[in-house]
Amino acid sequence: MIEPRAGLGVGGGYHSPQLDVSVRLNTNESPFSPSKELLERWYSEVTASNLNRYPDRSATKLRGVIASYHGVDPSSVFVANGSNEVIQTILLTYGGAGRRSASFEPTYAMYETISRTTGTSYFAFERDANFLIDGKSAISQFDDNEIDVGFLCSPNNPTGLLEDLDIALQLSSGGKRLVVVDEAYGQFNEVDSVQFAKGHSGIVVIRTFSKIWSMAGLRVGYAIGDPHVIENLWSVCLPYHFDTSKAKLAELAFEYVDEMEARVGFLRAERDRIMDFFETLPVTYWRSSANFILFRPDSIDGHKLWEMLLERSILVRDWSRWPRLDNCLRVTVGTAHENDLFMEALGDIL
Ligand SMILES: *Cc1c(COP(=O)(O)O)cnc(C)c1O
């Protein structure tokens, strides 16, 4: 039988095991659904639309809505089925055979995975002991290795730490290369990379509906960048890749910004409550600007702790055997009740 193209690493793709537990705090989703009113309005708009026709191929209305939310021009907006598809489109356009991408580990694993599936050579550079990027060495690493596309995740998954956007700007080298700032958790802190990136042609900011908008199941993501870059993404993606129903969903969602902000505000407060609790325990943790917290128990094996939490039906993400993340676990902020159960269990065990 014919084999897949060499170098794809087929079989080793993205996976975060879902086990049947009562408290699921392992994949950074929102614990809340989008509002019923939004979903009902969506349903009636979808059923009233011409689904026998192809969608508006360039999602004109939605681009206008996103553009006005961020105060940019609609020509600066690309939309796709989740930010992973945005990343894939960026790498199909600016990566590929003979091109090089890079990021700083540990970071979101999809930069490497999608680089591989698009035939882009991925370079994994290191962070310092505090999981931060050293600007000077980063720039020489990008220059020496002739990197075409860089990824900065801010706040970074899985550390929760914000990146220094000045480094993104320097790495983009005036537009000579593309630096993608992944703001999947943008709303969980005060930084707005879209505002920062305005007027800088080498920076593209990507956002997703999966975390702050409580819609991981519906797959919506977008990119904001220089109109020339964005136009190229629109020509490389599949025709009609973004369907009518999803465009309507995302358009409507922006009428519910207040609800989104209330949910995010609650999760931020809960995040701070968990971090305050960590202060009282024998753990090391990293002050998070996202909806998750990376932590490492001081006196017990990380994987063992993960198992003991699992015995109490609490699932967190196990990074304990991952390079550079020895013994670390990552907990996603859940409902107040879920967080109570997590903290109670952790307090007991430690
Ligand atoms: C969760 C996450 C995403 C989301 O990807 P989608 O395809 O939009 O669901 C993107 N980037 C990072 C860093 C994430 O943690």
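Bear in mind that the values here come from a model prediction, so they are computed numbers and not experimental data.

## Considering helix H5 (residues 135–144)
Argument step 1. Taken together, the buried positions of H5 are Gly-135, Ala-138 and Phe-142. Down the axis of H5, the buried side of the element spans an arc of 60 degrees, and every buried residue falls inside it. In this structure, H5 carries Lys-136 and Asp-144 as exposed residues pointing more than 90 degrees from its buried face.
Argument step 2. On its buried face, H5 is in contact with strand S3 (100–105), strand S4 (121–126), strand S5 (149–153) and helix H6 (165–172).
Argument step 3. Once H5 finishes, Glu-146 follows within two positions and takes phi at roughly 50 degrees, a positive value.

## Some remarks on the side chain of Arg-63
Argument step 1. Looking at where Arg-63 falls in the secondary structure, it is placed in helix H2 (residues 60–70).
Argument step 2. The charged side chain of Arg-63 is buried without a salt bridge, its nearest counter-charge being Asp-73 at 7.3 Å.
Argument step 3. There is a polar contact of 2.8 Å between the side chain of Arg-63 and the backbone oxygen of Val-77.
Argument step 4. Setting aside residues no more than four positions away along its own chain, Arg-63 makes contact with Ser-58, Pro-74, Ser-75, Val-77, Ile-230 and Trp-234.

## Some remarks on the environment of Ile-224
Argument step 1. Checked against the element boundaries, Ile-224 lands in strand S8 (residues 221–224).
Argument step 2. Since its relative accessible area comes to 6%, Ile-224 is described here as buried.
Argument step 3. Sequence spacing of Ile-224 and His-70 is 154 residues, and the spatial spacing of their C-alpha atoms is 9.0 Å.
Argument step 4. Excluding its chain neighbours within four sequence positions, the residues that come into contact with Ile-224 are Ile-66, His-70, Val-72, Ser-76, Val-77, Val-194, Ile-203, Val-204, Val-205 and Ile-230.

Quick notes on the rules
Residues numbered from 1 in each chain as written. Predicted model: local features only at pLDDT ≥ 70, side-chain atom pairs only at ≥ 80, totals over all residues. Heavy atoms only, no water. Buried < 20%, exposed > 50% of the residue type's maximum accessible area, 1.4 Å probe, protein only. Helix = DSSP H or I, 4+ residues; strand = E, 2+ residues; numbered from the N terminus. Arc of directions from axis to C-beta. Contact = heavy atoms within 4.5 Å. Lys, Arg positive; Asp, Glu negative; His and termini not counted. Salt bridge = Lys/Arg side-chain N within 4 Å of Asp/Glu carboxyl O. Polar contact = N/O pair within 3.5 Å; in protein donor to acceptor, adjacent residues only side chain to side chain.

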